[in-house]
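Results of the structural survey
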Amino acid sequence: MMPKKIMFGENAAKEFPYPKNALVITTTTPDIYNKWLDYMGIKNYELYDKVTPDPAIETVEEIKKQYEGKNISCYIGLGGGSSLDVCKYLGKMTGIPKILIPTTFGTGAEMTTYAVISFDHKKKLLQDEAFLADASIVDPYFLPGTPFNIMRNSACDAAAQASEGYDSKLGNPFTQLFCKEAFDILYDAIMNDKHILLPYGAMLSGIGFGNSSTTLGHALSYVFSNEGVPHGYALSSCTTVAHKFNQSPYYKRFKEIAQKLKFEQLKLKQPLDQAADVIMPDRGHLDYNPIPVSKEDVIKCLDEIVNANPLA
Ligand SMILES: [Zn+2]
């Protein structure tokens, strides 16, 4: 599955024919999004700019209520993952079409059927065909100005998703085609400082892993995320060690990416055994790992991540 319409490349967001009376949903401040909207040349639209990071279901319901009966033609999610996720959930609730325009690149969320929404202050990863965008616009125009930290975390996530997706047992020649091409582009973009290629690489990664799955690297990473490490940062070591364990064809090149982006060694507060107990029930990732993973394997991987610098 992928969005019905995909526009990508320079000027894609400028050339897209936006329908009238769209509701733009974004997160940032007016000085930033007004520039974006000017560039897009969009007219006759409504705007909701109060989406916060880790958006809650209450925000989705508030927007639905606020714009009910206003004849909204479509939603336009413009921004990072939060705006896109809110848009996806809203679209599912109301059936109104959605256009997704990422301004940070890495998750590939604009291509996938996944959304992360918080219920009772708990983040939940949801999957539904109804979350798929009706149109996705991937334009590197939004890239410059992204802080280095956000850029490298996103780039690392995209590379991890592409390579884990390639190895996933749910993969097939069609998804692998996207994962392989995504990784090659991301590798070139990162190693040769051609950051303008990151959005396209992340987009292809989204199609590839979104139709297969991520695997051991992602499974290992969530215990670090739970202790506050950003997703992409956690993957730098976790996916490197997972690729080594799996003897992935991507081990060497993924490690080079993590080194090039200057990630440092991870720490874990909780005991490894306890962390392994958190990881083992994550069947959605572990069942599709190319080789079976025992609790002992998980502890060994965690030990390598925190006690032997895998990126050295
Ligand atoms: Zn990820």
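One structure accompanies this document, and this report is about it. What you are looking at is a predicted structure, and each value in this text was computed from that prediction instead of being measured.

In this section: the coordination of the zinc ion. Within the protein, D157 (OD), Q161 (OE1), H218 (NE2) and H231 (NE2) serve as the donor atoms for the zinc ion, at 2.1 to 2.3 Å. Coordination at the zinc ion is irregular, judged from the 4 donor atoms that bind it and the angles of 81 to 153° they form at the metal. All donors of the zinc ion come from a single chain, and their spacing in sequence reads D-x3-Q-x56-H-x12-H. In this pair, H218 is assigned in helix α8 (residues 216-225) and H231 in helix α9 (residues 231-246), connecting sequence segments 13 residues apart.

Within strand β2 (residues 22-26), 5 of the 5 residues are buried, which leaves the element mostly enclosed by the surrounding structure. Because side chains alternate across β2, one face comprises the buried residues A22, V24 and T26, and the other comprises L23 and I25, equally buried. Where β2 and strand β3 (residues 45-48) come together, 4 bridges link them in parallel fashion. Each residue of the ladder has a partner; that of A22, found in β3, is Y45. Handedness of the crossover joining β2 and β3 through helix α2 (residues 30-40): right-handed.

Viewed as axis vectors pointing N to C, α9 and helix α10 (residues 251-260) meet at an angle of 165°, and their least axial separation amounts to 9 Å. Accordingly, the angle class assigned to the pair α9 and α10 is roughly antiparallel. As for the relative orientation of α9 and α10, their crossing is left-handed in sense. Residues L235, S236, T239, T240, H243 and K244 of α9 touch α10, and the partners they reach there are Y251, F254, K255 and A258. Classifying every residue of the contact of α9 with α10 by side-chain character gives 4 nonpolar, 4 polar and 2 charged.

Moving on: the packing of aromatic side chains. Summed over the entire model, instances satisfying the criterion amount to 14 aromatic pairs. The interplanar angle of 75° and the centroid separation of 5.3 Å between the aromatic rings of Y166 and Y250 together place this pair among those described as edge-to-face. Placement of Y166 in helix α5 (residues 148-167) and of Y250 in the loop between α9 and α10 is noted, with a sequence separation of 84 residues between them. For Y166, a relative accessible area of 24% corresponds to the partly exposed category. Ring geometry for F174 and F178: centres 5.2 Å apart, planes at 80°, overall edge-to-face. Placement of the pair is F174 and F178 together in helix α6 (residues 173-191), with a separation of 4 residues, close to one helical turn.

As a further point, take the packing of α5 against α9. Contact geometry for α5 and α9: axes closest at 8 Å, N-to-C directions at 35°. Both α5 and α9 take part in a crossing whose hand is left-handed. Of α9, the residues touching α5 (which contributes R152, N153, C156, D157, A160, Q161, S163, E164 and D167) are H231, G232, Y233, L235, S236, T239 and H243. Its residues assigned to classes, the contact of α5 with α9 comprises 4 nonpolar, 8 polar and 4 charged.

As a further point, take the nonpolar core. By size, the foremost hydrophobic cluster in this structure holds 77 residues, and its most contacted members are Y18, L220 and F224. For this core, the element with the most residues is α6, which contributes 8 residues. If we ignore the near neighbours within four places in the chain, the residues touching F224 are V229, A234, C238, L266, K267, L268, L302, I305 and V306.

Its location among the elements puts S154 in helix α5. With near-sequence residues (within four places) excluded, S154 lies in contact with F105 and G106.

We now examine α2. Listing the buried residues of α2 in full gives Y33, W36, L37, Y39 and M40. Buried positions in α2, seen along its axis, are confined to an arc of 160° and lie on one side of it. Those residues of α2 that are exposed and aimed more than 90 degrees away from the buried face are D31, K35 and D38.

Applying the stated rule across the entire model yields 1 cavity of 30 Å³ or more. The computed volume of the largest cavity comes to approximately 60 Å³. Along the wall of the largest cavity there are 13 residues; nearest its centre are F105, L143, M151, S154 and L198. Contributing elements (two or more residues each) for the lining of the largest cavity: α5 and α7 (198-210). Top contributing element to the lining of the largest cavity by residue count: α5, with 5 residues.

Scoring rules and cut-offs
Residues numbered from 1 in each chain as written. Predicted model: local features only at pLDDT ≥ 70, side-chain atom pairs only at ≥ 80, totals over all residues. Heavy atoms only, no water. Donors = N, O, S within 2.8 Å, 3.2 Å for Na, K, Ca; no water. Tetrahedral: all angles 85-135°; square planar, octahedral: opposite > 155°, others 65-115°. Helix = DSSP H or I, 4+ residues; strand = E, 2+ residues; numbered from the N terminus. Buried < 20%, exposed > 50% of the residue type's maximum accessible area, 1.4 Å probe, protein only. Pairing = 2+ DSSP bridges. Right-handed = clockwise from strand over helix to strand, strands pointing away. Axes fitted to C-alpha atoms, helices over the stretch in contact; angles between N-to-C directions. Parallel < 35°, antiparallel > 145°, perpendicular 65-115°, else oblique. Left-handed = near helix turned anticlockwise from the far one by under 90°. Contact = heavy atoms within 4.5 Å. Nonpolar A, V, L, I, M, F, W, Y, C, P; charged D, E, K, R; others polar. Phe/Tyr/Trp six-rings, centres within 6.5 Å; stacked < 30°, edge-to-face > 60°. Core = buried A, V, L, I, M, F, W, Y, C linked by side-chain atoms within 4.5 Å. Arc of directions from axis to C-beta. 1 Å grid on protein atoms, 1.4 Å probe; cavity = no way out; pocket = protein on both sides within 12 Å on 5 of 7 lines; lining within 4 Å. Points joined across faces, edges and corners; volume = space filled by probe spheres on them.

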